[in-house]
Structures are given as structure tokens and as C-alpha cells.
Amino acid sequence: DVELIDAPMQISRENTNRRIVIGVNVGDTDVETLVGNIQEELDDKVELPAGYYFTYGGQFENLKAANARLAIAVPLALALIFILLFFTFGSVSQAALIFTAIPLSAIGGIWALTLRGMPFSISAGIGFIALFGVAVLNGIVLMGYFNELKKEGLVNIRERILKGTSVRLRPVLMTASVASLGFLLMALSNSGGAEVQRPLATVVIGGLIT
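Report on the accompanying structure.

About the criteria used
Residues numbered from 1 in each chain as written. Predicted model: local features only at pLDDT ≥ 70, side-chain atom pairs only at ≥ 80, totals over all residues. Heavy atoms only, no water. Helix = DSSP H or I, 4+ residues; strand = E, 2+ residues; numbered from the N terminus. Buried < 20%, exposed > 50% of the residue type's maximum accessible area, 1.4 Å probe, protein only. Contact = heavy atoms within 4.5 Å. Core = buried A, V, L, I, M, F, W, Y, C linked by side-chain atoms within 4.5 Å. Phe/Tyr/Trp six-rings, centres within 6.5 Å; stacked < 30°, edge-to-face > 60°. Lys NZ or Arg CZ within 6 Å of the ring centre and 35° of its normal. Salt bridge = Lys/Arg side-chain N within 4 Å of Asp/Glu carboxyl O. Axes fitted to C-alpha atoms, helices over the stretch in contact; angles between N-to-C directions. Parallel < 35°, antiparallel > 145°, perpendicular 65-115°, else oblique. Left-handed = near helix turned anticlockwise from the far one by under 90°. Nonpolar A, V, L, I, M, F, W, Y, C, P; charged D, E, K, R; others polar. Patch = residues over 30% accessible without salt bridge, like charges linked within 9 Å, V, L, I, M, F, W, Y side chains within 5 Å. Areas by Shrake-Rupley, 256 points an atom, 1.4 Å probe, with all protein chains shown as cover.

**A word on the overall build of the protein**
Across its full length, the protein holds seven helices and two strands. For the protein, the α and β elements follow one another from N to C terminus as β-β-α-α-α-α-α-α-α. Its C-alpha atoms give the protein principal-axis dimensions of roughly 105 × 35 × 30 Å. For the protein, the proportion of its 210 residues judged to be buried stands at 29%.

Shown next as C-alpha cells:
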């Protein structure tokens with residue numbers, strides 16, 4: 001007998017388990033927020049039979065893998081920055097003093113992301129690494145000049161700081177301004193790929209302000 005019945009077009013398997021794939025476009029939100037909302041809804045409203053479960057793949061899976069790599073890359077970048085500062089100045093205290101610019105700039109980056117309603121993403125993480133480099137560069141410009149003044153015989157620390165900061169104010173502001181203005185178009189971009197550019201630029205600009 002020949003008859004028409006409802007049946008799946010194909011049976012997909014992964015690791016010998018049958019699977020059904022549901023694909024969605026992210027839209028205006030970000031992948032992590034979307035998956036979090038889906039997870040919440042499914043946990044509350046869907047009772048799965050024994051042996052059935054949900055997994056989340058695609059871009060979300062890539063995001064999780066990238067986050068894991070970023071968790072190694074950021075501490076490694078911070079450690080390398082400190083080591084290079086130590087080799088540059090030959091002093092742990094001076095390296096630590098310049099290093100304090102990093103948490104102070106991070107505050108601005110986090111504040112800027114929050115203000116614009118952006119989650120922490122991979123591009124934001126890369127933005128923080130770029131921000132730390134610029135923030136430390138300003139510290140190097142100042143500390144190098146302080147040491148120069150000390151060699152010239154200006155031993156009073158207060159005077160050295162006042163003279164050094166007044167002379168080096170313009171180079172420090174120029175460095176920060178060039179980076180901020182360079183990233184401004186990326187921060188305001190709405191074209192294709194803007195979802196990657198915006199968090200990175202937002203972090204750098206916010207961090208340089210603080």
C-alpha cells in the first residue's frame with residue numbers, strides 16, 4: 001500500500017544521538033543575552049522527557065571558546081606589561097606606580113559599556129587590552145621625564161611632579177586624544193560589522209576619559 005504520512009525529512013545524529021536543530025538569528029541583541037533568555041524560558045516552561053536535553057551551539061559555542069581564550073590572554077597581557085615596565089625602569093615601585101593606570105582606566109571602560117547598554121564581549125575584551133597599552137604609555141612618558149629631572153638635580157619629589165606633569169601634559173593629552181578621536185567613528189558606527197567595532201571603541205574611549 002502507498003500512503004502519505006507525516007515524517008521528518010531527515011534524521012540527524014551527533015555522537016550516535018538523534019538531534020533536532022533549531023536555528024535563530026540574533027537580531028538587535030547580543031548572542032549571550034539571547035541564549036540566557038532562551039535558557040530561562042526553556043527551564044521554566046519546557047519539561048523534557050527522560051534522556052532529552054538542550055545544548056547551545058553556533059556563535060554561542062564559539063563565544064564560550066573565545067571567552068576561555070580571553071581568560072588566559074588578558075592576565076598574560078597584564079603580566080607582560082608589568083615585566084616590560086620593570087625592564088624599562090629597573091624598579092618594581094616605578095613599574096607598579098605606572099601599572100595603577102590600568103585599573104583606573106578599566107573603570108572608565110566598564111562605565112562606558114554600562115552607559116551604552118553593551119555586554120562584555122570578545123571585542124570589548126580586546127578593547128581593554130588596547131586601552132591598557134595606551135594608559136601605560138602615558139605613565140611611561142611621565143615617569144621617564146621624572147627620572148630625567150632627578151638626574152638633572154631636582155631632588156624634591158613635589159617639585160619634580162609639578163614640573164614634570166606641567167611639561168608632559170600636552171604629550172599625554174595628545175596621545176589620549178588621538179586614540180579617542182580615532183576610535184570615535186567606530187564607537188558611533190552602524191554599518192556592517194559595527195557590533196564588533198562598537199564595544200572595542202567604547203571601552204578605549206571610556207577608559208581614556210577616566
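**Topic: the side chain of S123**
Among the secondary structure elements, S123 is positioned in helix α5 (residues 122–151). Given a relative accessible area of 9%, S123 falls into the buried group. Contacts of S123, omitting those with residues within four sequence positions, involve E195, V196, P199 and L200.

**Quick look at the nonpolar core**
Residues L85, F128, L131, F132 and L208 are the most contacted members of the largest nonpolar core, which totals 23 residues. Counting residues per element, the ones that place at least two in this core are α2 (59–89), α3 (92–99), α4 (101–115), α5, α6 (157–188) and α7 (194–209). No other element matches α5, which puts eight residues into this core.

**Some remarks on the packing of aromatic side chains**
As enumerated under the stated definition, the model contains five aromatic pairs in all. On the basis of an interplanar angle of 80° and a centroid distance of 6.4 Å, the ring pair of Y56 and F60 is categorised as edge-to-face. Judged by relative accessible area, which is 23%, Y56 ranks as partly exposed. A relative accessible area of 13% means that F60 is categorised as buried. Plain terms: the ring middles of F82 and F99 are 5.5 Å apart, the flat faces sit at 85° to each other, and that makes the pair edge-to-face. Of the two residues, F82 is situated in helix α2 and F99 in helix α3; the sequence distance between them amounts to 17 residues. The class of F99 is partly exposed, set by a relative accessible area of 22%. We note R168 situated over the ring of Y145; from NZ or CZ to the ring centre the distance is 4.3 Å.

**Topic: the environment of P75**
Mapping P75 onto the fold places it in helix α2. For the pair P75 and I129, spaced 54 residues apart in sequence, the C-alpha to C-alpha distance is 9.7 Å.

**Description of the pattern of salt bridges**
If you walk through the whole model with that rule in mind, you get three salt bridges. R19 serves as the salt-bridge partner of E14, at 2.8 Å between the closest nitrogen and oxygen. Look at E14 and you get partly exposed, because its relative accessible area is 44%. Exposure remark for R19: the relative accessible area of 42% places this residue in the partly exposed category.

**Looking at unusual backbone geometry**
Despite not being glycine, N15 shows a phi value in the positive range, around 50°. Along the chain, N15 falls in the loop between β1 (12–14) and β2 (17–19). Take N15: its relative accessible area is 67%, and that puts it in the exposed class.

**Side note on the packing of α5 against α7**
In a packed pair of helices, the relevant descriptors are the angle between the two axes and the axis-to-axis distance. Here α5 crosses α7 at 30°, and the two axes come no closer than 8 Å. Taken together, α5 and α7 sit at an angle that is classed as roughly parallel. Between α5 and α7 lies a crossing of right-handed hand. Here S123, A124, I126, G127, F128, A130, L131 and V134 of α5 come into contact with α7, specifically with E195, V196, P199, L200, V203, V204, G207 and L208. Looking at the contact of α5 with α7 residue by residue, the class counts come to twelve nonpolar, three polar and one charged.

**As for a nonpolar patch on the surface**
On the surface, L76, L80, I83, F86, F87 and V92 cluster together to form a nonpolar patch covering roughly 600 Å² of accessible area. Ranked by residue count, the leading element in the nonpolar patch is α2, at five residues. Among the secondary structure elements, L76 is positioned in helix α2.

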